[in-house]
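Spelled out, the chains give:
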Amino acid sequence: MDAGLLHAWLQENSAVLTSTEAGRIGFSATDLQSAVRSSLLDRVCRGAYIDTSVASSADPEALHRLRLDAILRSQPQKLVATHTSAALAWDLPVSYAYLDRVHVARTPGRGTTRKHVHHTLHEGYPRDASTAAGGIPAVCGAVAVLGTAFVGGLKPGLVAADAALRQGITSRDELEFWMAELERTPGMAAARAAVAASSPSAESPGESLLRLILTNAGLAVIPQFTVRGPDGQFVARVDFLLPEINLVVEFDGATKYADAATGPDALFAEKRREDAIRRLGYGVVRVTWSDLSDPQRILRWIRSAHIAMPRKRA
């Protein structure tokens, strides 16, 4: 086996090699087995391989995309990405926790869903569910959103639904249509809950998850609220207003403060912005990623902030 030729092929072909492609450049099945034993290639599935050195340094999203590419190339025009794999194809946010397994389907297909080492092959998706996302054969955006909920449940489904609605990848009508078409699919209850709670207003996964916490607590929520001064001048646009208690809730991803050069200026500007909001009589609660794992703590902060707010005299 010519290791130099193999390396050159992988560099020119996105670190992926299929057995069909290997045959065209003169590699036999024995050569491929030897490359796997030598840790030059990782076998993803029958007839699909990826560059071990690239795979070992890839983050979970990049590794998922690499495996998906290999699987789809191993059976061109026969498979499409589904579930979280399709969500990635549509550039929707997917948590690393749900990227260990690639999901593909034959469309149309009949039979039993089969799990393999790195991927699951689903059957039964109708042909008109399939399309192309950035050149990748995949189910349509609506079905990708529902599939994300099938795999991960309410929260991943909500994050995907919010992003897809905001980006115009799908619509509520299209989501409703595909929920009816796939009504017998396991996980549909979570998908329905995700769609019911979804909103195109969310600008990040963190905002999606924070909104879910607030609404689950029975709080009235106005997302992306514009705060204005007494004469109507713009003061700030905030993530959420709780109108019943005049409280602003902000999701803070903290990335804008991370840069050593601009972080202090951003922090100062944010402090001035928050002071201006408070001077208008609003309370302010800030929530970070780590806080989302403890909804009760967020609700305690909201109660405390509401109690501490100055009361208007009658």
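Below: a short report on this structure. Every value quoted in this text rests on a predicted model; they were computed, and no experiment measured them.

In this model, the largest pocket occupies a volume close to 370 Å³. Taken together, 19 residues line the largest pocket, and the ones lying closest to its centre are Lys 155, Pro 156, Val 159, Leu 209 and Trp 289. Where the lining of the largest pocket is concerned, the elements lending two or more residues are helix 8 (154-167), helix 11 (205-216) and helix 13 (295-308). For the lining of the largest pocket, the element with the most residues is helix 11, which contributes five residues.

Let's shift gears to the sheet that holds strand 11 (residues 234-242). Spatially, four strands are ordered 10-11-12-13 in an open sheet, and the strand pairing comes out mixed. At either margin of the open sheet sits one strand with a lone partner, and together these are strand 10 (222-228) and strand 13 (283-287). Pairs of neighbouring strands in the sheet enclose a mean axial angle of 45°, with direction left out of account. Across six bridges, the pairing between strand 10 and strand 11 is antiparallel. Looking at the pairing, Thr 226 lines up with Arg 237 of strand 11. The strands touched by helix 13 within the sheet are strand 11, strand 12 (247-251) and strand 13, with strand 13 carrying the most contacts at an inclination of about 165°.

Those residues of helix 10 (residues 188-197) that sit buried are Met 188, Ala 191, Ala 194 and Val 195. Relative to the axis of helix 10, the buried residues are bounded by an arc of 120° and lie together on one face. Along helix 10, the residues that are exposed and aim more than 90 degrees away from the buried face are Ala 189 and Ala 196. Taken together, the buried residues of helix 10 touch helix 7 (141-152), helix 8 and helix 9 (172-181).

It is worth spelling out the environment of His 83 at this point. Note that His 83 resides in helix 6 (residues 83-89). Looking at His 83, the relative accessible area reads 4%, which means it is buried. Setting aside chain neighbours within four positions, we find His 83 in contact with His 103, His 122, Tyr 125, Ala 144, Gly 147, Thr 148, Phe 150 and Val 151.

A word on the side chain of Glu 21. Secondary-structure assignment places Glu 21 in helix 2 (residues 19-24). In this structure Glu 21 comes out as buried when scored by relative accessible area, which is 10%. A polar side-chain atom of Glu 21 sits 2.9 Å from the main-chain amide nitrogen of Thr 18. Once residues within four sequence positions are removed from consideration, Glu 21 is found in contact with Trp 9, Val 16 and Arg 73.

Now for the packing of helix 7 against helix 8. Orientation of helix 7 relative to helix 8, taken along the N-to-C sense of each, is 165°, at an axis distance of 7 Å. Taken as axis vectors, helix 7 and helix 8 run roughly antiparallel relative to one another. The two elements helix 7 and helix 8 cross, and the hand of that crossing is right-handed. Only Leu 154, Pro 156, Gly 157, Ala 160, Ala 161 and Ala 164 of helix 8 make contact with helix 7, whose side of the interface consists of Val 145, Thr 148, Ala 149 and Gly 152. Class assignment of the residues belonging to the contact of helix 7 with helix 8 gives a composition of seven nonpolar, three polar and no charged.

Moving on to the nonpolar core. Membership of the largest hydrophobic core comes to 54 residues, with the highest contact counts inside it found for Ile 50, Leu 92, Val 104, Val 143, Leu 146 and Trp 178. The dominant element in this core, judged by the number of residues it contributes, is helix 7, at seven residues. Not counting residues within four places of it along the chain, the set of residues in contact with Leu 146 comprises Leu 175, Trp 178, Met 179, Ala 191 and Val 195. Judged by nonpolar contacts, the second largest core, of 19 residues, contains Ile 245, Ile 298, Ile 302 and Ala 305.

So, how was this worked out
- Residues numbered from 1 in each chain as written.
- Predicted model: local features only at pLDDT ≥ 70, side-chain atom pairs only at ≥ 80, totals over all residues.
- Heavy atoms only, no water.
- 1 Å grid on protein atoms, 1.4 Å probe; cavity = no way out; pocket = protein on both sides within 12 Å on 5 of 7 lines; lining within 4 Å.
- Points joined across faces, edges and corners; volume = space filled by probe spheres on them.
- Helix = DSSP H or I, 4+ residues; strand = E, 2+ residues; numbered from the N terminus.
- Pairing = 2+ DSSP bridges.
- Axes fitted to C-alpha atoms, helices over the stretch in contact; angles between N-to-C directions.
- Contact = heavy atoms within 4.5 Å.
- Buried < 20%, exposed > 50% of the residue type's maximum accessible area, 1.4 Å probe, protein only.
- Arc of directions from axis to C-beta.
- Polar contact = N/O pair within 3.5 Å; in protein donor to acceptor, adjacent residues only side chain to side chain.
- Parallel < 35°, antiparallel > 145°, perpendicular 65-115°, else oblique.
- Left-handed = near helix turned anticlockwise from the far one by under 90°.
- Nonpolar A, V, L, I, M, F, W, Y, C, P; charged D, E, K, R; others polar.
- Core = buried A, V, L, I, M, F, W, Y, C linked by side-chain atoms within 4.5 Å.

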